[in-house]
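Observations on the three-dimensional arrangement
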Amino acid sequence: KANAADNTLYIKKAYDAYGGSNIHKIHLDHLTSYPDKINEIFSEVINSAFIFQQTIKQHPEMDKLSPFSLNTMRFDTFINTDGTVEIISGYMKTNIRNNHVDNEPTGGCEISLDLETGRLRKYGHLTLKFNGLSRSTQHPTTKTVFENFVVPYFKEAKEMVIQAARVMPALRLVGWDVAIGENGPVLLEGNSDYDIAAS
């Protein structure tokens, strides 16, 4: 089902979709405007396992950061030996190349988060593949300054990943991807096998 707000749908491969690869964003008008592309995606889908996900309309404040993709936060949770869950790191992911995904390998930017206040820190670290060893203090397209940008529903987002981690105690270290929708945080996925790529 496409999002009523913008008539779009995301199709993501259930496995082997690392770093934003094998993710398609389909607009309703693509069905008639780009039939060859739609047929290509259809052929790929029927020969593998894919997840169909309704497009999430992000909070207007997150659009100020970047409207090109869904900006997501990565929270890393760790379950201590006594069973308590701790968020050990967090950062914001945003796309700086007008792509429909925010992952670092596709041209993303990662900005560290203050885990107490939900504010972004000063620098965003740009993708090595496209920008070399560089960092920026603002989004290159929207010009939104990173430092002190406040993420809406940040407390609720942290509570959500802590609750999610408690559901799966066998996975002691998980990287959770969380978006901020119009009415609160949305848990997208948990990653138990991941790393930082310098692609």
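Conventions adopted
Residues numbered from 1 in each chain as written. Predicted model: local features only at pLDDT ≥ 70, side-chain atom pairs only at ≥ 80, totals over all residues. Heavy atoms only, no water. Phe/Tyr/Trp six-rings, centres within 6.5 Å; stacked < 30°, edge-to-face > 60°. Helix = DSSP H or I, 4+ residues; strand = E, 2+ residues; numbered from the N terminus. Buried < 20%, exposed > 50% of the residue type's maximum accessible area, 1.4 Å probe, protein only. Lys NZ or Arg CZ within 6 Å of the ring centre and 35° of its normal. Salt bridge = Lys/Arg side-chain N within 4 Å of Asp/Glu carboxyl O. Pairing = 2+ DSSP bridges.

Moving on, we get to the packing of aromatic side chains. Within this structure, the stated rule accounts for one aromatic pair. Ring plane angle 50° and centroid distance 5.7 Å describe the contact between Phe75 and Phe154, whose orientation is recorded as tilted. Of the two residues, Phe75 is situated in strand β4 (residues 72-79) and Phe154 in helix α5 (residues 154-167); the sequence distance between them amounts to 79 residues. Given a relative accessible area of 0%, Phe75 falls into the buried group. Its end group placed over the ring of Tyr123, Arg135 keeps NZ or CZ at 3.6 Å from the ring centre.

Okay, the pattern of salt bridges next. Following the criterion strictly, the structure yields three salt bridges and no others. For Arg74, the salt bridge is made with Asp177, and the minimal N-O distance between the two is 2.6 Å. You can see Arg74 sitting in strand β4 and its partner Asp177 sitting in strand β9 (residues 173-181), a full 103 residues away along the chain. Residue class for Arg74 comes out buried when judged on its relative accessible area of 8%. For Asp177, a relative accessible area of 6% translates into the label buried. A salt bridge links Asp177 to Lys93; its shortest N-O distance comes to 3.3 Å. Note that Asp177 is positioned in strand β9 and Lys93 in strand β5 (residues 85-95), a separation of 84 residues in sequence.

As a further point, take the pairing of β9. The buried fraction of β9 amounts to eight of the nine residues, a majority that puts the element mostly inside the structure. Both β4 and β9 contribute to a ladder of seven bridges, which runs antiparallel. By the bridge assignment for β9, Asp76 is matched with Gly175. Note that β9 and strand β10 (residues 184-191) share seven bridges and pair antiparallel. By the bridge assignment, Ala179 is partnered in β10 with Val186.

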